[in-house]
Each structure stands twice: as structure tokens, then as C-alpha cells.
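Examining the three-dimensional arrangement
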Amino acid sequence: MAIGSGAELDMAPVMFLIRPNERPRSTRPQAKRPPGLPVRWLPVAPGAEIPQVAGKPNEKIPMPLTLDQLERHLFSAADILRGKMDASEFKEYIFGMLFLKRCSDVFDKARNDVIKKQMEKGVSEEQAKQDSENKVWYGKTGTFWVPPHSRFSYLVDEAHENIGDKLNKALGGIESENIALEGVLDHIDFTRKVGQSKISDQKLRQLINHFSEIRLRNEDFEFPDLLGAAYEYLIGEFADSAG
């Protein structure tokens, strides 16, 4: 599939995770957050895993992840790629990384649930982890199966050279293992030339590190359609930038 000129086509894979079976309704969010929804401020415990943009040590972080935080994080990702590229060129990289991280985080949650349930049945932890690699557990819940080389933890640990190829294989692995995604990820190519050269390993590594700073499970969000709202806002911003 050729790279689409429309933002809706470029966001197709991400939409599978934001609003299954639904196409975008508009290019602008309806609201920043549901009226009256409070923001809770909690101290950050040492070593705590929290859904956030990385901040200074001991800084108070608003939980759960807010729309403003997510928008800032995505625009910071765009800043990594800014230069000779315009929005129409780099948006597919941002949305590709968003898809990989979201898909991986949702799968990790489902996999952890499988391990927990198996251990509650008396299965050893080692056996439970092996059992969790069986695809049959995930189809019933609607969670995409994410093969090991497509998981974000693998990319964080292993993607240090030829990173564009590894990212393409990660996307391809998810697509090949989930029939619902057939053909919708083809337009995202992390090795595609932009101008006279490809995106450098250094820039792609920065993107991986950047997206590893937040967690994108459903329970991490300030309100249920947080990704949908951020998506609509970004599509509008990219369209404005492209003129």
C-alpha cells in the first residue's frame, strides 16, 4: 500500500486500538477532559511504575495520564524528527511508534493476567509464563497477539543498530499475527528515505527511549477516550502544519 495522502489512512492502525471498528468522526477533539473530572496529585515513590512523561526526581506527577501530558509527549516526539521534514513526512513515524507502544502495553497487561490466573491454579511461575505465550488466550479478549520481537521491551533492550529494520519487523510481526490488521500497517516504513537519506539510528533510538517513558494501558488514562482525543487533535495539528 502506498503512503496515503490523507491523515485518516495514516492513522488506520492506531484507530484499531483507540476505537475498534470506528472511523474518525472529526479532526478536532470535542473536549480536553470530561467536565468536573479532578486531577489527583500523588507523590512519586522510588521505583514506582507510573504512566507519565519523565520529570525531575521527586517531582509531583499528576495521575492518571492527562490529555495535556500525552499531547506534549507526542509533540516532543515530533520535535525529535523536526528539521528538513515537514509534518506530512514525519507523522507516520510518530503514529507508528504510538501504535507499537500502545499495542505492546495492552498485550503486556493481558499476558500478566494470564500468568496470574495460571499461578492461582497452582501452576509454577515458569510454566505460567510459558503458557502465556499461547495465542489462544488473547483472541477471546480482543487483545492483539504481539510476538516477542514486536514487544516494546524487546526494542528497548535490543534495537541499537539497523533500528529501522527492527521497527519494521516489529510492525510486520503484529500485522502477520493478527488478521484484523492485514494491510493496514504497510504504509509505515521506518527505513523510507526522507529527502536524500533515511532517519538515522540515533533519531530512531531517541524515539524508542521517548516512548518508553509512558505507559498506555487503559487504566493509565485520565478518561476512557484519551487516545482518541489526542489522535483527533494531532491529526488537526498535522493538517495545519502541512498547509
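Scope of this entry: the structure provided in the associated data block. Residue positions are given per chain, counting from 1 as you read along its sequence in written order. Two thresholds apply to this predicted model, a pLDDT of at least 70 for residue-level local features and 80 or more for giving and counting side-chain atom pairs, whereas whole-chain, interface and lining totals are computed over all residues. Side-chain metrics rest on all non-hydrogen atoms present in the structure, leaving aside hydrogens and water.

Next up on the list: helix 8 (residues 163-177). Since the α-helix turns once every 3.6 residues, residues separated by three or four places project in the same direction. Helix length check: helix 8 (15 residues) gives 21 Å between terminal C-alpha atoms against 21 Å at 1.5 Å per residue, within 8%. Each residue is assigned to one of three classes by its accessible area relative to the maximum for its type, calculated with a 1.4 Å probe on protein chains only: buried under 20%, partly exposed between the two thresholds, exposed over 50%. Secondary structure is summarised from DSSP: a helix means a run of H or I of at least four residues, a strand means a run of E of at least two, and numbering begins at the N terminus for each. The complete set of buried residues in helix 8 reads Ile-163, Gly-164, Leu-167, Ala-170, Leu-171, Gly-173, Ile-174 and Glu-175. By this rule the span expected of a helix is its residue count minus one, scaled by 1.5 Å.

Packing of helix 3 (residues 67-81) against helix 9 (residues 201-211) brings their axes to within 9 Å, and their N-to-C directions diverge by 170°. Comparing the axis directions of helix 3 and helix 9 gives the class roughly antiparallel. Between helix 3, through His-73, Leu-74, Ser-76, Ala-77, Ile-80 and Leu-81, and helix 9, the contact on the second element is made entirely by Lys-203, Gln-206, Leu-207, His-210 and Phe-211. In this count, Pro and Cys sit with the nonpolar residues alongside Ala, Val, Leu, Ile, Met, Phe, Trp and Tyr, while Asp, Glu, Lys and Arg are called charged and the others, Gly among them, polar. When the residues that make up the contact of helix 3 with helix 9 are grouped by side-chain class, the tally is six nonpolar, four polar and one charged. To define axes, lines are fitted to C-alpha atoms, for helices over the stretch in contact only, and angles between the resulting N-to-C directions are given on a 0 to 180 degree scale. Working definition: roughly parallel below 35 degrees, roughly antiparallel above 145 degrees, roughly perpendicular at 65 to 115 degrees, and oblique for all remaining angles. The contact definition used throughout considers only heavy atoms, calling two residues in contact when any of these lie within 4.5 Å.

Let us look at the packing of aromatic side chains. Classification of ring pairs uses Phe, Tyr and Trp, with its six-membered ring standing for Trp, and accepts pairs whose centres are within 6.5 Å; under 30 degrees between planes counts as stacked, over 60 as edge-to-face, and the remaining range as tilted. Counted under the stated rule, the structure contains four aromatic pairs. Ring geometry for Phe-107 versus Tyr-138: centroids 4.9 Å apart, planes at 45°, classification tilted. On the criterion of sequence distance, the pair formed by Phe-107 in helix 4 (residues 87-120) and Tyr-138 in helix 6 (residues 136-139) is long-range, its members being 31 residues apart. The exposure class assigned to Tyr-138 is buried, which follows from its relative accessible area of 1%. Ring geometry for Phe-107 versus Trp-145: centroids 5.3 Å apart, planes at 85°, classification edge-to-face.

Right, let's talk about the packing of helix 8 against helix 9 for a bit. Helix 9 packs onto helix 8 with a crossing angle of 45° between their chain directions and a minimal axis gap of 9 Å. Our classification of the angle between helix 8 and helix 9 gives oblique. Of the residues in helix 9, those in contact with Ile-163, Gly-164 and Leu-167 of helix 8 are Asp-201, Leu-204, Arg-205 and Ile-208. Across the contact of helix 8 with helix 9, the residue classes break down as four nonpolar, one polar and two charged.

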